[in-house]
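# A structural walkthrough
These are the residues of each chain, in order.
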Amino acid sequence: MHLLVIEDDPRLGRLLKRLLEDDRHVVELAADGESGLEIAEDAPGIECVILDIGLPDITGLEVARRLRETGSTVTILMLTARDTVGDRVSGLDAGADDYLVKPFAFEELSARLRALSRRGVPAGRRTAPKLVVGPITLDETARRVTVEGASVDLSPREFSLLECLLRHPGQTLSRDQLLDQAWPFGVAVTPNAVDAYIHYLRDKLGSAGRFIQTVRGVGYRLADA
């Protein structure tokens, strides 16, 4: 997943970033609410915000409210040292999807992220399920890809790989990150499989295949312009 961690404790923020990246997530980090809101606006591929409720400028509750007021459908997992029913209700009412009390085990955070990913976006917050970069359009509902309006026939794995790249335009994704997001959990494949499917994908996209760029020694990115 592409995550945004908004946490004002520098040590905890850096630790969460490292552990989440080790867990094959792509992670952005902000130390206050306003910076977090700016990152959320500038990086539309973010799928989940891990949000500390006690921030130095505006509260996590205010960040969540402002995200929802802009129409953002991003999943929000709120972190807090407060464990009363009223606090949990306030967080959920502000727009959070889940609530985790500090201190917590990283394994629980990881499990909650997996559960939120499986749950998806609540029906009331869904937007048009189309991803568009340049001439490439991917319709998630119809499971259809077009290049300048012409249909492109992709295998399920090619479709998942392209979907992953389209969700993170301009961002370099490692082979391991692509494997984790585009292949089913538990399937035994090597990073070389990513290279092979990128080759197939480029061929099928024709001239639009140039949008998939190789980042030598790291992985791939989809050019956003």
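First, a word on what this report is: a plain description of the structure on this page. Predicted model, so just to flag it, every value in this text is computed and none were measured.

Our next topic: the overall build of the protein. Scanning the protein for helices and strands turns up eight helices and 12 strands. Computed over C-alpha atoms, the radius of gyration of the protein comes to 18 Å, within 12% of the 17 Å expected from 2.2 N^0.38 for 225 residues, which places it in the range of a compact globule. Taken along the three principal axes of its C-alpha coordinates, the protein extends 55 × 35 × 30 Å. Expressed as a percentage of its 225 residues, the buried residues of the protein come to 44%. The contacts in the protein between residues at least 6 apart in sequence include a share of 56% that link residues at least 24 apart. Carbon together with sulfur atoms contributes 49% to the accessible area of the protein, which is approximately 11,400 Å² in total.

Right, let's talk about the sheet that holds strand β8 (residues 144-147) for a bit. Taken together, the four strands give an open sheet; going across it, the order is β6-β7-β8-β9, and neighbouring strands pair in antiparallel fashion. The open sheet terminates on both sides in strands that have one partner only, identified here as β6 (130-133) and β9 (150-152). Recorded for the sheet is a direction-independent mean angle of 25° between the axes of neighbouring strands. Most of the contacts of helix α6 (residues 156-167) go to strand β7 (residues 136-139), to which it runs at about 115°, and overall it touches β6, β7 and β8.

A separate point is the sheet that holds strand β12 (residues 219-222). In space, the three strands of this open sheet follow the order β10-β12-β11, with antiparallel pairing throughout. Each edge of the open sheet carries a strand with a single partner, namely β10 (173-174) and β11 (212-215). Summarising the sheet, β10 and β12 pair through two bridges and their orientation is antiparallel. Across the sheet, S174 pairs through a bridge with G219, a residue of β12. Along the sheet, α6 makes contact with β10, β11 and β12, crossing β12 at roughly 65°.

In this section: the packing of α6 against helix α7 (residues 175-182). Contact pair α6 / α7: the axes reach a minimum separation of 9 Å and the direction vectors enclose 120°. Here α6 lies oblique to α7, going by the angle between them. Of the two elements, α6 crosses α7, and the hand of that crossing is right-handed. Counted together, R157, S160, L161, C164 and L165 of α6 and L178, Q181 and A182 of α7 form the full contact between these two elements.

So, about the pairing of strand β1 (residues 2-6). Counting buried residues along β1, five of its five residues qualify, which places the element largely inside the surrounding structure. Burial of the side chains of β1 extends over both faces: H2, L4 and I6 are buried on one face and L3 and V5 on the other. Pairing geometry for β1 and strand β2 (residues 26-30), over five bridges, is parallel. Following the sheet pairing, I6 is matched in β2 by A30. Summarising the sheet, β1 and strand β3 (residues 48-52) pair through four bridges and their orientation is parallel. Bridge assignment links V5 to a residue of β3, and that residue is I50.

Further remarks concern the pattern of salt bridges. Side-chain pairing between opposite charges can occur once the charged atoms of the two side chains come close. This structure, assessed with the given rule, holds 12 salt bridges. A salt bridge links D97 to R68, with the nearest nitrogen and oxygen atoms 3.1 Å apart. Linking D97 in the loop between α4 (85-94) and β5 (98-101) with R68 in helix α3 (residues 60-69), this pair joins segments that are 29 residues apart in sequence. By the burial criterion, D97 is buried, and R68 matches it.

Attention shifts here to the nonpolar core. Counting 31 residues, the largest nonpolar core has I136, V145, L162 and L205 as the members making the most contacts within it. Among the elements of the structure, β6, β7, β8, α6, α7, α8 (191-205) and β12 are those that each provide at least two residues to this core. In contact with L205, not counting residues within four places along its chain, are I136, V145, V147, V152, L162 and I212. If you look at the next biggest cluster of nonpolar residues, it comprises 21 residues, including L4, I46, V49 and I58.

About the criteria used
- Residues numbered from 1 in each chain as written.
- Predicted model: local features only at pLDDT ≥ 70, side-chain atom pairs only at ≥ 80, totals over all residues.
- Heavy atoms only, no water.
- Helix = DSSP H or I, 4+ residues; strand = E, 2+ residues; numbered from the N terminus.
- Rg over C-alpha atoms; globule rule 2.2 N^0.38 Å.
- Buried < 20%, exposed > 50% of the residue type's maximum accessible area, 1.4 Å probe, protein only.
- Contact = heavy atoms within 4.5 Å.
- Areas by Shrake-Rupley, 256 points an atom, 1.4 Å probe, with all protein chains shown as cover.
- Pairing = 2+ DSSP bridges.
- Axes fitted to C-alpha atoms, helices over the stretch in contact; angles between N-to-C directions.
- Parallel < 35°, antiparallel > 145°, perpendicular 65-115°, else oblique.
- Left-handed = near helix turned anticlockwise from the far one by under 90°.
- Salt bridge = Lys/Arg side-chain N within 4 Å of Asp/Glu carboxyl O.
- Core = buried A, V, L, I, M, F, W, Y, C linked by side-chain atoms within 4.5 Å.

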